[in-house]
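Below are the chains, spelled out letter by letter.
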Amino acid sequence: MKKNISVEEAREIVLAEAAPTGTEKIPFDEAAGRTLAAPITSREDIPPFRNSARDGFAVRRADFEGEELPITLPRAFEVPAGHAPERAVEPGTVAQIMTGAPVPDGADAVAPIEWTKMDENGKVRFERAPEPHANVREAGEDVREGQTMVEAGTLVTPPVVGMAASLGYPELEVACRPRVAPLSTGDELVPVHAQPGPGQIRDANGPALAAQARHAGARALAPLAIADERAAVRRHFRDALDEADVLLISGGMSMGEYDFVRDVVEEMGMEWCFWKVRQRPGRPLGFGTLEDESGSDTLVFGLPGNPVSSAVCFEQYARPALAKMRGRRRVQRPLHAATLTEAMRSRADLHYFARGIAELDEEGRLTVRSTGAQGSHVYSSMTAANCLIHLPEGLEDPAAGRRVQVEWLEG
Ligand code: AMP
Ligand code: MG
């Protein structure tokens with residue numbers, strides 16, 4: 001077991017153990033937010049046929065050559081959207097056409113209706129002549145048959161759902177969502193609807209971790225609050241191993257009398273890959289993998305019990321692991337440069353994740369300030385934050401005006 005490692009090393013170890021959890025076919029309209037596991041390839045052209053970009057008249061450009069405007073031509077027939085043209089446009093005639101309707105043979109431009117006037121006998125007067133090819137969308141102009149439109153590994157966004165629909169994909173192959181078990185340990189914990197007795201508090205980490213896991217695209221099992229009792233802890237961990245791909249255990253990772261999460265997991269056969277990371281909050285973070293009955297590896301995070309530590313460790317380590325497991329190519333949130341509007345405290349030998357509020361100043365530059373008291377038990381510092389401010393090792397007590405990197409927590 002490694003001890004007291006850097007944030008970067010810890011993340012590398014976690015990511016090396018995280019493996020994609022397989023793929024499944026699901027209805028395309030349930031795929032938003034999932035990761036595409038097979039590319040979407042076009043089996044046809046889009047648009048599938050030459051069509052009009054405007055409501056107007058399909059004309060033969062040659063009828064306008066050398067003529068003085070305005071000119072008047074008879075309306076021979078009409079082409080509504082969703083119907084094949086009944087015939088071709090003959091020289092010296094025009095066809096009324098709607099946006100998206102197939103352009104009839106013979107026609108090589110569409111004059112918008114705003115340029116024209118039609119009398120009661122169906123004679124159309126053109127005030128202007130359309131350019132050759134004006135307002136005609138060619139077949140395959142957007143998408144060519146055989147073209148890969150969306151690569152595997154891409155997040156399915158609403159436009160990807162729309163693209164799947166227009167290309168005729170009722171099902172999409174996507175990466176499976178990893179299953180996550182939030183397990184809170186501590187004699188002091190009671191669930192949300194219970195009235196805490198003397199010395200007790202409500203379990204905040206379990207529900208918060210379940211929500212974080214869902215937000216990260218995973219499936220969260222119902223959070224469990226487990227008393228500090230070896231047999232109970234062991235039984236619940238074992239059950240969770242069979243049901244989940246990731247255990248998010250919180251509490252019991254420190255040096256207290258009843259902090260035996262580490263021991264219990266070791267008794268179950270796990271070797272911790274690391275324990276303790278040079279960071280604040282979340283220093284006593286532990287991580288390892290444990291085989292379940294079927295022989296597949298489950299990731300085990302031993303998160304410190306303080307709610308801020310638990311939340312920050314999830315964001316830094318569990319979220320990227322889940323992203324990799326669900327097939328994402330980019331697993332880490334991007335960092336953005338921002339200017340501190342106030343001095344902050346940080347030790348040079350730890351990577352700090354301070355809770356911050358980032359916003360644009362009047363000149364449109366990104367600035368950031370602390371949410372206030374930064375103790376790892378101060379949960380309000382987390383709920384008020386829209387970002388984490390990274391104050392890496394080597395940086396001590398940065399002054400106001402210092403450029404730092406922030407990581408958005410929203411979106
Ligand atoms: P531990 O890591 O078990 O030593 O707990 C550290 C601190 O976090 C203690 O003040 C615990 O009461 C608190 N804590 C532990 N687990 C939770 C939880 N699930 N929800 C809220 N607070 C917790
Ligand atoms: Mg505890």
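Residues numbered from 1 in each chain as written. Chains lettered and ligands numbered in written order. Predicted model: local features only at pLDDT ≥ 70, side-chain atom pairs only at ≥ 80, totals over all residues. Heavy atoms only, no water.

1. Thoughts on the side chain of threonine 35
So, step 1. Within the element layout of this structure, threonine 35 appears in the loop between β2 (23-27) and β3 (40-41).
So, step 2. Of the residues examined, threonine 35 reaches a relative accessible area of 1% and is grouped as buried.
So, step 3. Within the structure, the side chain of threonine 35 is placed 2.7 Å from the backbone oxygen of arginine 326, a separation counted as a polar contact.
So, step 4. Every residue in contact with threonine 35, bar those within four places of it in the chain, is listed here: Gly153, Thr154, Glu173, Val174, Ala175, Arg326, Gly327 and Arg328. (Helix = DSSP H or I, 4+ residues; strand = E, 2+ residues; numbered from the N terminus. Buried < 20%, exposed > 50% of the residue type's maximum accessible area, 1.4 Å probe, protein only. Polar contact = N/O pair within 3.5 Å; in protein donor to acceptor, adjacent residues only side chain to side chain. Contact = heavy atoms within 4.5 Å.)

2. Focus: the site of ligand 1
So, step 1. The environment of ligand 1 is made up of 15 residues, and the closest members are Glu188, Asp203, Ala204, Gly252 and Gly305.
So, step 2. Between ligand 1 and asparagine 205, the relevant distance is 3.4 Å, taken from a nitrogen atom to a side-chain nitrogen or oxygen of the residue.
So, step 3. In this structure, an oxygen atom belonging to ligand 1 sits 2.9 Å away from a main-chain N or O atom of glycine 252.
So, step 4. Here ligand 1, which alone exposes 490 Å², has 76% of that area covered by the protein.
So, step 5. For the shell around ligand 1, the residue count by class is 4 nonpolar, 7 polar and 4 charged. (Near = heavy atom within 4 Å. Areas by Shrake-Rupley, 256 points an atom, 1.4 Å probe, with all protein chains shown as cover. Nonpolar A, V, L, I, M, F, W, Y, C, P; charged D, E, K, R; others polar.)

3. A word on the pattern of salt bridges
So, step 1. Taken as a whole and judged by the stated rule, the model has 20 salt bridges.
So, step 2. Where glutamate 78 meets arginine 75, a salt bridge forms, and the shortest distance between an N and an O atom there is 3.1 Å.
So, step 3. Assessed through its relative accessible area of 35%, glutamate 78 is described here as partly exposed.
So, step 4. The salt bridge involving aspartate 361 is made with arginine 365; its shortest N-O contact spans 3.3 Å.
So, step 5. Take aspartate 361: its relative accessible area is 24%, and that puts it in the partly exposed class.
So, step 6. The class of arginine 365 is partly exposed, set by a relative accessible area of 49%. (Salt bridge = Lys/Arg side-chain N within 4 Å of Asp/Glu carboxyl O.)

4. Some details on the pairing of strand β7 (residues 94-97)
So, step 1. Burial of the side chains of β7 extends over both faces: Val94 and Gln96 are buried on one face and Ala95 and Ile97 on the other.
So, step 2. In terms of strand pairing, strand β5 (residues 56-59) meets β7 through 3 bridges, oriented antiparallel. Its bridge partner being in β7, alanine 58 is matched across the sheet by alanine 95.
So, step 3. Relative to β7, strand β6 (residues 71-79) runs parallel, the two sharing 4 bridges. Following the sheet pairing, phenylalanine 77 is matched in β7 by alanine 95. (Pairing = 2+ DSSP bridges.)

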